[in-house]
Amino acid sequence: QVQLVESGGGLVQPGGSLRLSCAASGSIFSINTMGWYRQAPGKQRELVATISVRSRTNYADSVKGRFTISRDNAKNTVYLQMNSLKPEDTAVYYCNYQAVVAGSLWGQGTQVTVSS
């Protein structure tokens, strides 16, 4: 069974940076869209950024200009570079893969806390 494993979360001061990674354990074929979502306490899960198989990107307005999503198709890995972090970016971040055969896959989440 394929699993997605996120890494790179942690505690950072406002204005700092973090880089999240999400890798698939096991074989997975024909991944279309990869994305990052987040869920803050008491709030619904929201889209942060997505990237298509041809590297077309889409960002939530709240992160445009600060976050960058990228992917390595050879490694079935997606990244999220987060710069100029704000306290309101604090959330659990989840990666998501939309695969042709495996369907929609989610990671277990990684905590990002932005605080001084």
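Look a little higher up for the structure.
First, a word on what this report is: a plain description of the structure on this page. As the structure is a computational prediction, the values presented were derived from the model and not from experiment. (Residues numbered from 1 in each chain as written. Predicted model: local features only at pLDDT ≥ 70, side-chain atom pairs only at ≥ 80, totals over all residues. Heavy atoms only, no water.)

Some words on the overall build of the protein
Rules: Per the convention used, a helix needs a DSSP run of H or I reaching at least four residues, while a strand needs a run of E reaching at least two, with both numbered from the N terminus. Throughout, radius of gyration means the C-alpha value; the globule benchmark is 2.2 Å times the number of residues raised to the power 0.38. Between buried and exposed lies partly exposed: a residue is buried under 20% and exposed over 50% of the maximum accessible area for its type, with that area taken using a 1.4 Å probe on protein chains only. By definition in these notes, contact holds between two residues if any of their heavy atoms fall within 4.5 Å. Computed by Shrake-Rupley with a 1.4 Å probe, the accessible areas treat only the displayed protein chains as cover when residues are assessed.
Along the backbone of the protein there are zero helices and eleven strands. Over its C-alpha atoms the protein spans a radius of gyration of 14 Å, differing by no more than 12% from the 13 Å that the globule rule assigns to 116 residues. Evaluated residue by residue, the protein yields a buried proportion of 43% over its 116 residues. For the protein, contacts bridging at least 24 residues in sequence account for 52% of all contacts bridging at least 6. Split by element, the accessible area of the protein, about 6300 Å² in all, is 46% carbon and sulfur.

A word on the sheet that holds strand S8 (residues 77-82)
For the record, the criterion: One bridge is not enough; two strands pair if DSSP finds at least two bridges between them. In this analysis, axes come from line fits to C-alpha atoms, helices being fitted only over the stretch in contact, and the angle between any two N-to-C directions falls in the range 0 to 180 degrees.
Across the sheet, four strands lie side by side as S1-S3-S8-S7; this open sheet has antiparallel pairing. Each edge of the open sheet carries a strand with a single partner, namely strand S1 (3-7) and strand S7 (67-72). Shown here is a sheet whose adjacent strand axes are inclined to one another by a mean of 15°, direction ignored. Across six bridges, the pairing between S7 and S8 is antiparallel. The residue of S8 that forms the bridge with Thr68 is Gln81.

What about the pattern of salt bridges?
Counted only if it meets this: Salt bridges are identified by distance alone: a Lys or Arg side-chain nitrogen within 4 Å of an Asp or Glu carboxyl oxygen.
All chains considered together, the criterion is met by four salt bridges. Across the pair Glu46 and Arg38 runs a salt bridge whose closest N-O atoms are separated by 2.7 Å. A salt bridge links Asp89 to Arg66; the nearest nitrogen and oxygen atoms lie 2.8 Å apart. A residue pair is termed long-range when its members are at least 10 positions apart, and Asp89 in the loop between S8 and strand S9 (91-99) and Arg66 in the loop between strand S6 (57-59) and S7 qualify at 23 residues.

A look at the packing of aromatic side chains
This is how the line gets drawn: Within 6.5 Å between ring centres, the rings of Phe, Tyr and Trp (the latter by its six-membered ring) count as paired, and their orientation is classed by plane angle as stacked under 30 degrees, edge-to-face over 60, tilted in between. Should the NZ of a Lys or the CZ of an Arg lie within 6 Å of a ring centre and within 35 degrees of the ring normal, that charge is described as sitting over the ring.
In the structure shown here, the tally under the stated rule is one aromatic pair. Residue placement shows Arg19 over the ring face of Tyr79; its charged tip is 4.1 Å from the ring centre. Above the face of the Trp106 ring, Arg45 is positioned so that its terminal group lies 4.7 Å from the ring centre.

Some thoughts on the pairing of strand S4 (residues 31-39)
Walk down a regular strand and you will see the side chains alternate between the two sheet faces. Here S4 pairs with S9 via seven bridges, running antiparallel. Residue pairing across strands places Arg38 opposite Tyr93, the latter belonging to S9. Of the pairings in the sheet, the one linking S4 to strand S5 (residues 46-51) comprises five bridges and is antiparallel in character. If you follow Gly35 over to S5, its bridge partner there is Thr50. In this structure, the hairpin formed by S4 and S5 is closed by a connection of six residues, where Gly42 is found at a positive phi of approximately 80°.

Looking at the nonpolar core
Within soluble globular proteins, side chains that are nonpolar generally end up buried alongside one another. To keep it simple, the criterion reads: By nonpolar core we mean a set of buried residues, namely Ala, Val, Leu, Ile, Met, Phe, Trp, Tyr and Cys, connected to one another through side-chain atoms within 4.5 Å.
Counting residues in each nonpolar core, the largest one holds 31 residues, and the members touching the most others are Trp36, Val78, Leu80, Met82, Tyr93 and Tyr97. When residues of this core are traced back to their parent elements, those giving at least two are strand S3 (18-25), S4, S5, S7, S8, S9 and strand S11 (110-114). Among the elements that line this core, the one with the most residues is S9, at five residues. Those residues within four positions of Tyr93 in sequence are excluded, and the remaining contacts are Glu6, Leu20, Trp36, Tyr37, Arg38, Val48, Phe67, Leu80, Met82, Gly109, Thr110 and Val112.

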